[in-house]
Amino acid sequence: MTDFFSGAHLHLLVNHIPILGAFFALGLLLASYRFAGDVLRRTAFVFLIGTALAAAAADLSGDPAADAIEHFPGVRRDVVHEHEELAEKAYIAAGIVGVLALGALVRFRRTPVPGGATLVLLAGTVLVSGLMAYTGLLGGRVRHTEVRPGAMAGDAVKIEESRERRRE
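What counts and what doesn't
Counting restarts for each chain: residues are numbered from 1 in the order of the written sequence. Restriction of local features to residues with pLDDT of at least 70 applies here, the model being predicted, together with a cutoff of 80 or more for giving and counting side-chain atom pairs; totals for whole chains, interfaces and linings are based on all residues. Water and hydrogen atoms play no part in the side-chain values, which are based on all heavy atoms of the structure. Put simply, DSSP H or I for four residues or longer makes a helix, DSSP E for two residues or longer makes a strand, and each gets a number counted from the N terminus. Between buried and exposed lies partly exposed: a residue is buried under 20% and exposed over 50% of the maximum accessible area for its type, with that area taken using a 1.4 Å probe on protein chains only. Patch criteria: residues need more than 30% relative accessible area and no salt bridge. Like-charged residues are merged within 9 Å; nonpolar side chains of Val, Leu, Ile, Met, Phe, Trp and Tyr are merged within 5 Å. Per-residue accessibility takes into account occlusion by the displayed protein chains alone, with areas from the Shrake-Rupley method and a 1.4 Å probe. By salt bridge we mean one thing: a side-chain nitrogen of Lys or Arg within 4 Å of a carboxyl oxygen of Asp or Glu. Lys and Arg are tallied as positive, Asp and Glu as negative. Neither His nor the chain termini are counted. Where a charge sits is defined by one atom per residue type, namely NZ (Lys), CZ (Arg), CG (Asp) or CD (Glu).

**Considerations on the environment of valine 39**
Part 1 of the reasoning: Note on placement: valine 39 falls in helix H3 (residues 37–69).
Part 2 of the reasoning: The exposure class assigned to valine 39 is exposed, which follows from its relative accessible area of 56%.
Part 3 of the reasoning: Distance from valine 39 to proline 112, taken between C-alpha atoms, is 9.0 Å for residues 73 residues apart in sequence.

If you want it as structure tokens, here you go:
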């Protein structure tokens, strides 16, 4: 039963939520300019808060997930590192946008959300959506050699030497 709750499993369970949440919030914000503006904006803000929380869970589970697969066939440190670097930026951006969304919900709890606040959060949501999508692509490249540029069939079975072995 403890294998189910490993860092790798947790990471796989939560890492898609920030991607989907950011895009769903983006869709809601865009739709708010045409339909039921305030309701859709507030709903989008709640999704942005959830996106930030899910990004935190994905970030916290990332290192244990990397540790669990570092010696698996096809896993390359440089690919993992590239994913980690962008994931950190995406997590920070999602956190900032999530805090802004929470602030907007509190600040405008008794009045409609103004257009300026919506535009700021829309711009932030576009950024977070792009960062999350690209982070997801880079994460997919960790175990899915078929989406790595220039990968060959043999790359899926190569095992990198541990750092200690290379030093000897």
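Following the structure, the description resumes.
**Looking at a nonpolar patch on the surface**
Part 1 of the reasoning: Residues Ile92, Ile96, Leu100 and Val120 make up a contiguous nonpolar surface patch of roughly 360 Å² in combined accessible area.
Part 2 of the reasoning: The element that contributes the greatest number of residues to the nonpolar patch is helix H4 (residues 77–107), accounting for three residues.
Part 3 of the reasoning: With respect to the helices and strands, leucine 100 occurs in helix H4.
Part 4 of the reasoning: The class for leucine 100 is partly exposed, based on a relative accessible area of 42%.

**Some thoughts on a negative patch on the surface**
Part 1 of the reasoning: On the surface, Asp59, Asp63, Asp67, Glu70, Glu84, Glu85 and Glu88 cluster together into a patch of negative charge.
Part 2 of the reasoning: Listed by contribution, the elements that provide at least two residues to the negative patch are H3 and H4.
Part 3 of the reasoning: Among the structural elements, glutamate 85 can be located in helix H4.

**Some thoughts on the pattern of salt bridges**
Where side chains of opposite charge bring their charged atoms close, a pairing between them can arise.
Part 1 of the reasoning: Per the counting criterion, the structure on display carries two salt bridges.
Part 2 of the reasoning: In this structure, the salt-bridge partner of aspartate 38 is arginine 42, at a minimum N-O distance of 2.7 Å. Of this pair, aspartate 38 and arginine 42 both sit in helix H3, four residues apart, roughly one helical turn.
Part 3 of the reasoning: Judged by relative accessible area, aspartate 38 falls into the partly exposed class, the value being 27%.
Part 4 of the reasoning: With a shortest N-O distance of 2.7 Å, arginine 76 and aspartate 78 are connected by a salt bridge.
Part 5 of the reasoning: Of the residues examined, arginine 76 reaches a relative accessible area of 32% and is grouped as partly exposed.

These figures come from the coordinates and say nothing about function on their own.
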